[in-house]
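Chain by chain, the residues:
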Amino acid sequence: MSGINDFCFKIGTVNGTGSASANALLMQAIFRMGIPVVGKNVFPSNIQGLPTWYEIRVSQDGYTARTAPFDLMVAMNPGTYARDVKEIAPGGWLMYDSSWPMPRALLRDDITVIGIPLGEMCNATFKGDRERTLMKNIAYAGALAALLDIDMDVVQAMLQEKFGKKKHLLDSNHKAIRLGYDYARAHHDCPLPCHLQRLDRTRDHILMDGNTAAALGAVYAGATVGAWYPITPATSLMENFRAFCEQFRRTADGKRNFCIVQAEDELAAAGIVIGAGWMGARAFTPTSGPGISLMSEFVGLAYYAEVPAVFFDVQRTGPSTGMPTRTQQADLLSTAYLSHGDTRHVLLFPANPEECFTMARDAFDLAERFQTPVFVMMDLDIGMNDWMCKRFEWDDAYRPDRGKVLDRAALEKVEKFFRYVATNGDGVAARTLPGVDPRGSYFTRGSGHNKLGGYTEDADEYREVVDRLVRKLAAAGEATPAPEIVLSEGATAGVVTVGGCRGAVLEGLDRLKEQGIVLDYLRVRGFPFNAAVRDFLARHERHIVVEQNRDGQLRSLLILETGTDPKRLGSLCDYGGLPLGTNRVIEGVKALLEGVPA
């Protein structure tokens, strides 16, 4: 990289100082210049005081994976100077606040140092510690605008949009931007060799995080009930759902036709969702690994009583509190078989906000069609970070798939209704909704029951019910989104991955192909695995499974569910809590192909 419209830079600041606004300004300005861009926030779990970083990747080819080392480092936190300097690529640049000296011992001969007295200028220009701190961030955005050749007309227009109704804030931000911009232009060579030139490659695209996209997808799917208990990194999903409902789920006279409940804990949230699903509402809860653990028993109830419910699992590093603001994919096994007894659940794996939107819709349709819990397996990187994705398609003709629900007219044709009797091969029994007709009434049992809904301790009757559930979940697996597959001529092995690993794996395969290493690619998008996954695994004697957890959970699922010989599946795991990087994929795949542990 390190060229025009193809570079990455990282900004190191202190949490709670207002740097998020400056970073968002930079990201959006690049996007508005028509240049593909992605941003990743690496932030601590406390409110303020600890280090935080924001990484921006500019890629005219649309690559989205995290890349390190970085071409440019903006070091605004003296506490992380040593770490920041180490992450600069040879030949790269270090920009820092020269109001205070940079220790000589940290400087490297193979980088260029750009000192800008941001603190000194802001102290002289603004009043009050808080304003000086906030404006210093805007000033470094101005300096970067000069160094990277960000269109100042775009920046000025964005400030006008945000602060146009608050003249004092608009004036302060304009002043701070110019401080950094003018100083950089006067004292340093601008632009740097790695800089920006206008393109037209963001047309019909938007910047959005996965939690917002999933919330909008839930509205699109017809969800009207949300229950939750606050948890990082899933909280903003429900906050956005509430905001969308306030806009789109009000009647003509202003009354709300939705219900959002902040429950006392995750158990209660799951119970509310399941109760609402039993009543016929489309209901969901967003949570993360610790919440999933607490919901286990209720999920088992919904599975066995066959009640539709949707769970958004925005995965984070565990266990328990772990590193709650770091990303991971470590809930795959726990959710696939969540709860006691023989359970198996439908899982969907989005790779970006666009799929968070479409798979939210799919999740509600699958939950009602197959009368079972469905989990949308996001992760923090997808859920909370900024991604460039295609504009969502909102089809007014879309109608929810409510599945086999008998209304009054249908019940009139049924001699006697039995809730758990399935009449066709997919294993799905018809259900009714409470209050529709007395002929459709039944007793919901989460305990041992026979196909007529009666309590039983008879082995044959119990097996008959749970064997039908196996058929039902197998049918659900074939109805989940098909895997993403890319076949390449001459490939002798395959790479299998999931979720947010997509960007790093696809870019890594492109780079490996340039080196003469050709591989096929599959990204799992649903569980239970459908026939396409099994067919792909049969193509080669060797595959490498790339995922973000320590123990190779996707690999284990593939072995358990497809019967693939473990010797045929190599494991490339990355689990430090940062988004997967392209270099990790390239180096790991090459090592495994050579027989060296990755």
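Just so we're clear, the structure is a prediction, and the values are computed from it rather than from any experiment.

Enquirer: In this structure, what is going on with the nonpolar core? I would like to understand it.
Expert: The tendency in soluble globular proteins is for nonpolar side chains to be buried as a group. Grouped together as the largest cluster of nonpolar side chains are 55 residues, with contacts concentrated most on M95, L144 and I150. No other element matches the eleven residues that helix α4 (residues 129-148) contributes to this core. Apart from the residues lying within four places of it in its own chain, the contact partners of M95 are L72, M73, V74, A75, I114, I116, L118, Y140, A143, L144 and L147. Judged by nonpolar contacts, the second largest core, of 52 residues, contains V219, I231, C356 and A476.

Enquirer: Teacher, can you tell me more about the domain arrangement of the protein here?
Expert: Often, the extent of an interface is quoted as the loss of accessible area on bringing the components together. Annotation of the protein at the domain level lists domain 1 (6-187), domain 2 (208-390), domain 3 (408-479) and domain 4 (484-595). Between domain 2 and domain 3 the total buried area reaches about 1,900 Å² when both faces are included, carbon and sulfur atoms providing 58% of it. When residues of domain 2 are sorted by the area they lose upon contact with domain 3, Y304, E306 and F370 head the list and together hold 39% of the total. The tally of links from domain 2 across to domain 3 stands at three salt bridges. E306 is the partner of R468 in a salt bridge, and the nearest nitrogen-oxygen pair spans 2.5 Å. Where domain 2 touches domain 3, the interface holds twelve residue pairs in polar contact (both at pLDDT 80 or more). Counted by class, the side of domain 2 that touches domain 3 contains ten nonpolar, five polar and four charged residues.

Enquirer: Honestly, the packing of helix α17 (residues 502-514) against helix α20 (residues 582-593) in this entry has me stumped. Any pointers?
Expert: Each pair of packed helices can be summarised by the angle the axes make with each other and by the distance between the axes. Where α17 contacts α20, the axes come no closer than 8 Å and their chain directions differ by 55°. Accordingly, the angle class assigned to the pair α17 and α20 is oblique. Judged by the sense of rotation from one axis to the other, the crossing of α17 with α20 is right-handed. Here A504, V505, E507, G508, R511 and L512 of α17 come into contact with α20, specifically with T582, V585, I586, V589 and K590. Here the residues of the contact of α17 with α20 are counted per class, giving six nonpolar, two polar and three charged.

Definitions and limits used
Residues numbered from 1 in each chain as written. Predicted model: local features only at pLDDT ≥ 70, side-chain atom pairs only at ≥ 80, totals over all residues. Heavy atoms only, no water. Core = buried A, V, L, I, M, F, W, Y, C linked by side-chain atoms within 4.5 Å. Buried < 20%, exposed > 50% of the residue type's maximum accessible area, 1.4 Å probe, protein only. Helix = DSSP H or I, 4+ residues; strand = E, 2+ residues; numbered from the N terminus. Contact = heavy atoms within 4.5 Å. Domains from an automatic or database assignment. Buried area = accessible area lost by both parts, 1.4 Å probe. Salt bridge = Lys/Arg side-chain N within 4 Å of Asp/Glu carboxyl O. Polar contact = N/O pair within 3.5 Å; in protein donor to acceptor, adjacent residues only side chain to side chain. Nonpolar A, V, L, I, M, F, W, Y, C, P; charged D, E, K, R; others polar. Axes fitted to C-alpha atoms, helices over the stretch in contact; angles between N-to-C directions. Parallel < 35°, antiparallel > 145°, perpendicular 65-115°, else oblique. Left-handed = near helix turned anticlockwise from the far one by under 90°.

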